[in-house]
Amino acid sequence: MSDTENITQTVHAGFAAKLDAVLTALEHDGVLPADAPRKGVTVEPPRDPSHGDLATNAAMVLAKQAKTNPRELAGKIIEKLSADDAVESAEIAGPGFINLRLGASVWLGELHAIAAMGEAYGQSTMGAGRRVNVEYVSANPTGPMHMGHCRGAVVGDALSSLLEFSGHKVTREYYINDAGGQVDVLARSAHLRYLEALGEDIGDIPEGLYPGDYLKPVGAALAKLHGDAFKDASEEDWLDTFRTDAVAQMMELIKSDLHLLGISHDLFSSEAVLHAKGKPAKAEAWLREHDLVYDGVLEAPKGKAPPEDWEPVELPLFRSTKFGDDQDRPIKKSDGKWTYFGADLAYHMQKAENADELIDIWGADHAGTVKRIKAAVSALSEGQGKAIPFDVKLVQMVQLMRDGEPVKMSKRSGNFITIADMVEELGADVAQNIIRFTMLTRKPEAQMEFDFAKVVEASKDNPVFYVQYAHARIQSTLRKAAAEGFAPSDAHLDQLGEEELELVKQAAQFPRLVEAAASAREPHRIAFYLYDLAGAFHAYWNLGNDRPDKRFIVAQSPDLTGARLFLALQLGQTIANGLRILGVEAVQEM
RNA sequence: GCGCCCGUAGCUCAGUUGGAUAGAGCAUCAGAUUCCUAAUCUGGGGGCCACAGGUUCGAAUCCUGUCGGGCGCACCA
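Small disclaimer: the values here were computed from a predicted structure and weren't measured. (Residues numbered from 1 in each chain as written. Chains lettered and ligands numbered in written order. Predicted model: local features only at pLDDT ≥ 70, side-chain atom pairs only at ≥ 80, totals over all residues. Heavy atoms only, no water.)

**Student:** It is not clear to me how the nonpolar core should be interpreted in this structure. Could you clarify?
**Tutor:** One broad rule of soluble globular proteins: the nonpolar side chains tend to lie buried together. Grouped together as the largest cluster of nonpolar side chains are 140 residues, with contacts concentrated most on Ile77, Leu111, Met147, Met439, Phe450 and Ile526. Residues lining this core come from more than one domain, with at least three contributed by each of domain 1 (3–102) and domain 2 (463–582). Grouped together as the second largest cluster of nonpolar side chains are 31 residues, Met349, Ala355, Trp362 and Val392 included. (Core = buried A, V, L, I, M, F, W, Y, C linked by side-chain atoms within 4.5 Å. Buried < 20%, exposed > 50% of the residue type's maximum accessible area, 1.4 Å probe, protein only. Domains from an automatic or database assignment.)

Listed below in structure tokens is the structure:
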């Protein structure tokens, strides 16, 4: 096992270590001053492959410290680097880049590594088992999931997988906002549907209640459960029960919607339970102890005209300005109840109990509250004397388009496109793949358009099929080869030529790319990488159109065929591993 | 008025945490199918990286400002 690890390390991270050793040697030689800072020195594949396999900027970064010019220093570095067997050539380019070309054996070794590691290829220990809590979706439990929730759900889920793949211990958490006014509205809306189920004519749904038909089954279920016990009862008699029951059913609905996208959380945390356990009060006590909460008066809202009913009131305020917020924030309302922020603050303290690191995935419409919650976690870190890294990833809005026109969605009118609708429209078997890949082929912090026309009939132009097709082609080739009596074999890998090695080199980027994507918390990089890798594969495949000697199966050359099939197998494995992170199926045929 | 995000080809978007001549798909033009899946491939045209300064060996990337688009600016959730 450690052998294969060393092999994968060798190609990228491994060369960084080698360069480091060379620089240290140059320090001993007096070329570089002792302990010269090496910040900014990188070893990475150059953008333009014709420059070589790896490039380093070391000479340019360190020339000043060495009191020489970059190209001269580069010469000295190369002198030492060339001693390495794996280095086929090393040359100075441009202003002082050092371009390295590695021997074929290095890349063939990588192919062995993929084979040896299989599904684990690309995994890393970067996370060192750190416990990361990723909270995502957390949609209000008042209705089904709609397309507006989709992006955060997919990004959060893929990010979780990515972090797991990179050696973190991830908890996928959903915060159920079941304590605010909106769930009372839900309970009242459900009561109306309950009356309807009992045969009453309820007419139009009154303004301020949720009008959606999805509450009809809830009303029916409540009627079945309670009979007419609450038919003429006053609201205080049924509100608690109906709220609990309705929320429970909404959560079932939401879970099944999420399941359609292949998403399931490890932990559902209830705001109501948080309150029942007295967590906000404990948080307040702790914060007051640390002089982070005080009783004070809020300033009137600036900018636009202040609300007419605004008046100064003394409230318990959290000192979020101390941690970069624009204003201190109330944790309780004037009626003594907790604000949403007060509860959320306690909730983050709760999450931090069982995690080393917190990540929240929020919609852009919550951007305004990022500073205060970051302040809260900073305060917690400071108070506890241990840093709790905390990141809020804002996922920008998705503009749904149909026939070139924006689709308007309004929850209040009940006019919105649900995930379930979308899945039905796309087809249950492919919807998860299409939606996930589409959402992941752009960076989350930029607004995106989701065009139904393009995505629905996308069987041609959708990138997800392009990548899946590459995988399917590989599988079909392996099947066909098996039928003709050929099997993948690493016995004659030396027969692989330049074009094949190029494919290996691209696949070999995968571990490095996974780490980069994980540390940047950017799962979309995986999607783009897979697209490129698939493109390289398709291009290679088509060489076989004009040149039968470039096909995977060359009947008269069994050794070469075995080697090519081995290559195909490992490419397929790499694509499958990437798709697994994204939660997209690696299909066997199309 | 303030805060956050964004501005890259006609359109949709990448750009490896600051690297070399700025990339892909769609669209457009010209080609490839007696061949393991053409859901594929090859090539052409198309750019003031919104604009102006700054930082340095080097900027689409970092800083400041301007313009443009989005989201938000209760004791709501």
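Back to the write-up after that little detour.
**Student:** Mind showing me how you'd approach the confidence of the model for chain A here?
**Tutor:** Regions with low pLDDT should not have their predicted coordinates read in detail. On average, residues of chain A score 90 in pLDDT, and 94% of them reach the 70 mark or higher. A low-confidence stretch, residues 1–8 (pLDDT under 50), is modelled with 11 contacts involving residues beyond four sequence positions or located in other chains. The ipTM assigned to the predicted complex is 0.95, against a pTM of 0.94. (pLDDT = per-residue confidence, 0-100. Contact = heavy atoms within 4.5 Å.)

**Student:** So what exactly am I meant to see when it comes to the pattern of salt bridges here?
**Tutor:** Side chains that differ in sign of charge can pair as their charged atoms come close. Going through the model one piece at a time under the given rule, you end up with 35 salt bridges. When the shortest N-O distance is used, the salt bridge between Arg319 and Asp291 registers 3.3 Å. Of this pair, Arg319 sits in the loop between strand 9 (314–318) and strand 10 (329–330) while Asp291 sits in the loop between helix 11 (279–289) and strand 8 (293–297), and the two are 28 residues apart along the sequence. Of the residues examined, Asp291 reaches a relative accessible area of 44% and is grouped as partly exposed. Between Asp325 and Arg329 there is a salt bridge, with the nearest N and O atoms lying 2.9 Å from each other. For Asp325, a relative accessible area of 6% puts it in the buried group. The class for Arg329 is buried, based on a relative accessible area of 13%. A network of salt bridges, in which partner residues are shared, links Glu499, Glu500, Arg547, Asp549, Lys550 and Arg564. (Salt bridge = Lys/Arg side-chain N within 4 Å of Asp/Glu carboxyl O. Helix = DSSP H or I, 4+ residues; strand = E, 2+ residues; numbered from the N terminus.)

**Student:** In this structure, what is going on with helix 7 (residues 181–197)? I would like to understand it.
**Tutor:** One full turn of an α-helix is made of 3.6 residues, so residues set three or four places apart face in the same direction. Look at helix 7: 24 Å from first C-alpha to last across 17 residues, which is about the 24 Å you get at 1.5 Å a residue. Counting buried positions along helix 7 yields 13 of 17 residues, so the element is predominantly enclosed. Once helix 7 finishes, Gly199 follows within two positions and takes phi at roughly 100°, a positive value. (Expected span 1.5 Å × (residues − 1).)

**Student:** Help me understand the sheet that holds strand 8 in this model?
**Tutor:** Picture the strands of a sheet paired through backbone hydrogen bonds; they go either parallel or antiparallel. Pairing is antiparallel in the open sheet, where 3 strands are placed in the order 8-9-10. A single partner strand is all that each edge strand has here, and the edge strands are strand 8 and strand 10. Direction of pairing for strand 9 relative to strand 10: antiparallel, over a ladder of 2 bridges. Pairing of Leu317 across the sheet is with Pro330, part of strand 10. (Pairing = 2+ DSSP bridges.)

**Student:** What is the right way to read the domain arrangement of chain A from this model?
**Tutor:** When the parts come together, some accessible area is lost, and that loss is often what is quoted as the size of the interface. Looking at chain A, the domain boundaries give domain 1 (3–102) and domain 2 (463–582). One C-alpha centre belongs to domain 1, the other to domain 2, and the line joining them spans 30 Å. Contacts between the two partners involve 4 residues from domain 1 and, on the opposite side, 4 residues from domain 2. Here domain 1 meets domain 2 over a buried area of about 460 Å², counting both sides, of which 52% is carbon and sulfur. In this structure, the connection of domain 1 to domain 2 is made through 1 residue pair in polar contact (both at pLDDT 80 or more). For the side of domain 1 that touches domain 2, the per-class residue count stands at 1 nonpolar, 1 polar and 2 charged. (Buried area = accessible area lost by both parts, 1.4 Å probe. Polar contact = N/O pair within 3.5 Å; in protein donor to acceptor, adjacent residues only side chain to side chain. Nonpolar A, V, L, I, M, F, W, Y, C, P; charged D, E, K, R; others polar.)

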